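# Structural features, examined
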Amino acid sequence: MKTTVPLAPQTSTLIPRGVADYFWEEALQRRRLEVALLDIFRTWGYEDVIPPMFEYTNTFSRHANNELQAEMVRFQDRDGSTLALRADMTIAVARLVGTRLHDWPMPQRFCYTGSVFRDTELQAGRQREFLQAGIELIGAPSPTADAEILALTAKALQMAGLNGFKLVLGQMGYFHGLLQALQLTPDQQRWLQQAIDRNSEPEVAGFLRAVALESQQRRAIEELPSLNGHDVAAILAHAEQLCLNQVMQAALSNLRAICTALDSYGLLNFIYVDLTEIHNLGYYTGLTFEALAPGLGFPVATGGRYDQMIGAFGKPEAAVGAAFILDRMLTARRNSTGPQKPPQPVAPQLLVAATTSSQCLAIVEEWRGQGIRVAVDVGNHTVSELWQMAQKIGCQR
């Protein structure tokens, strides 16, 4: 049996830490959510894609940050080449588009579900294998494309029953512009990025003490942690006063246009702007976001714009996407409905006595055709035994 958020090693010695068995009601909930997400993605014009479970390590590593590279599960192929289990769906889709769809008209929309594998340190909300669903919008550089991904993310979370979520928006261009203006050494850049990513005031203060900067540059760093909140207009106006170059200004203009487009979907109440949102898998170039659900300390969905990745595989194309972590979504939904119970078997709706009658079996098939779950007794139980069994497993009839 799998706990909702496994922190300790599995009690069974037959499976490794960081993976889990899913069965009965818990497995059914995962499958239903998987199907429901794909269904809503398709209604927005997204088409299915199934990338391979493993690829050449270089396919993932050249676009991943150091953290993601360190977490890849690698193994040797028979020919000596190094392969890796799928560590990221977005990179796999980008490789497909760049190598096989360069002659097709754009934009292209793709959706998927599947397992992702990362050899990560086990903690709340993190497994070495987890089920992911996602959407990718390729070949559309406009803010309306970013807004579509965000709107579909919101609709998918609402469909899943997570109505109390918020979408935290960042813009990598704003931070990249700041780094350009500061002209820091690589070590100093990593120091500042780590301090901002951790939202650590002592680390930021230590950086400012150690690095010689002009007063306007210092102010841009000092006030960066305050550039967050639900009042989008006020946050962006404040951020504009701190701009040091055109790159930062362009990032804010882009974010403002995205929020204007989101207003057309009626979703601004879900938006929280945070310009310290700079956690980057190694390929985001503009908008970044994460979806946070009440009572959960980690995002249920993440995404952003990655305009430079597809060009590494073929013809350059703008791209933006989102990824949903289904286990976290289910955990958030269960948390909102009260105390959690161990998974239970899913009883059939009807339990039918053993029969060799073709007429009876024809009626059973008719019921099944109507979507009714029917189990036929194959143990030759008596009527009394069958009735007790039906009561024990929670059969409705």
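Below is a summary of the structure that appears in this document. (Residues numbered from 1 in each chain as written. Predicted model: local features only at pLDDT ≥ 70, side-chain atom pairs only at ≥ 80, totals over all residues. Heavy atoms only, no water.)

## Section: the pattern of salt bridges
- Using the criterion set out here, one finds 16 salt bridges in the structure.
- Residue Arg42 is joined to Asp39 by a salt bridge in which the shortest nitrogen-to-oxygen separation is 3.2 Å. With Arg42 and Asp39 both in helix α1 (residues 24-43), this residue pair falls three residues apart, about one helical turn.
- Exposure remark for Arg42: the relative accessible area of 38% places this residue in the partly exposed category.
- Accessibility expressed as a relative area gives 39% for Asp39, which makes it partly exposed.
- With its nearest N and O atoms 3.5 Å apart, the salt bridge here joins Arg256 to Glu240. In this pair, Arg256 is assigned in helix α11 (residues 246-264) and Glu240 in helix α10 (residues 232-241), connecting sequence segments 16 residues apart.
- By sharing partners, the salt bridges in this structure join Asp39, Arg42 and Asp48 into a single network. (Salt bridge = Lys/Arg side-chain N within 4 Å of Asp/Glu carboxyl O. Helix = DSSP H or I, 4+ residues; strand = E, 2+ residues; numbered from the N terminus. Buried < 20%, exposed > 50% of the residue type's maximum accessible area, 1.4 Å probe, protein only.)

## A word on the packing of aromatic side chains
- For the structure shown, the criterion picks out eight aromatic pairs.
- On the numbers, 5.6 Å between centres and 35° between planes, the contact of Phe41 with Phe324 is tilted. Of this pair, Phe41 sits in helix α1 while Phe324 sits in strand β12 (residues 319-325), placing them 283 residues apart in sequence. For the pair formed by Phe41 and Phe324, the shared burial category is buried. (Phe/Tyr/Trp six-rings, centres within 6.5 Å; stacked < 30°, edge-to-face > 60°.)

## Side note on the packing of α1 against helix α5 (residues 143-159)
- Closest axis-to-axis distance for the α1/α5 pair is 10 Å, and the angle between their directions is 145°. Here α1 and α5 pass one another in a crossing that is right-handed. Contacts from Ala36, Leu37, Ile40 and Phe41 in α1 reach Leu152, Lys155, Ala156 and Met159 in α5. (Axes fitted to C-alpha atoms, helices over the stretch in contact; angles between N-to-C directions. Left-handed = near helix turned anticlockwise from the far one by under 90°. Contact = heavy atoms within 4.5 Å.)

## A short note on the sheet that holds strand β9 (residues 271-274)
- Taken in spatial order, the nine strands make up an open sheet running β1-β5-β6-β12-β11-β10-β7-β9-β8, and their pairing is mixed. Each edge of the open sheet carries a strand with a single partner, namely β1 (47-48) and β8 (228-229).
- The sheet contact formed by strand β5 (residues 108-117) and strand β6 (residues 129-138) spans 10 bridges and is antiparallel. From the neighbouring strand, Val116 faces β6, where its bridge partner is Phe130.
- Sheet strands in contact with helix α6 (residues 172-182) are β7 (166-171) and β10 (287-292), and its direction is about 30° off that of β7. (Pairing = 2+ DSSP bridges.)

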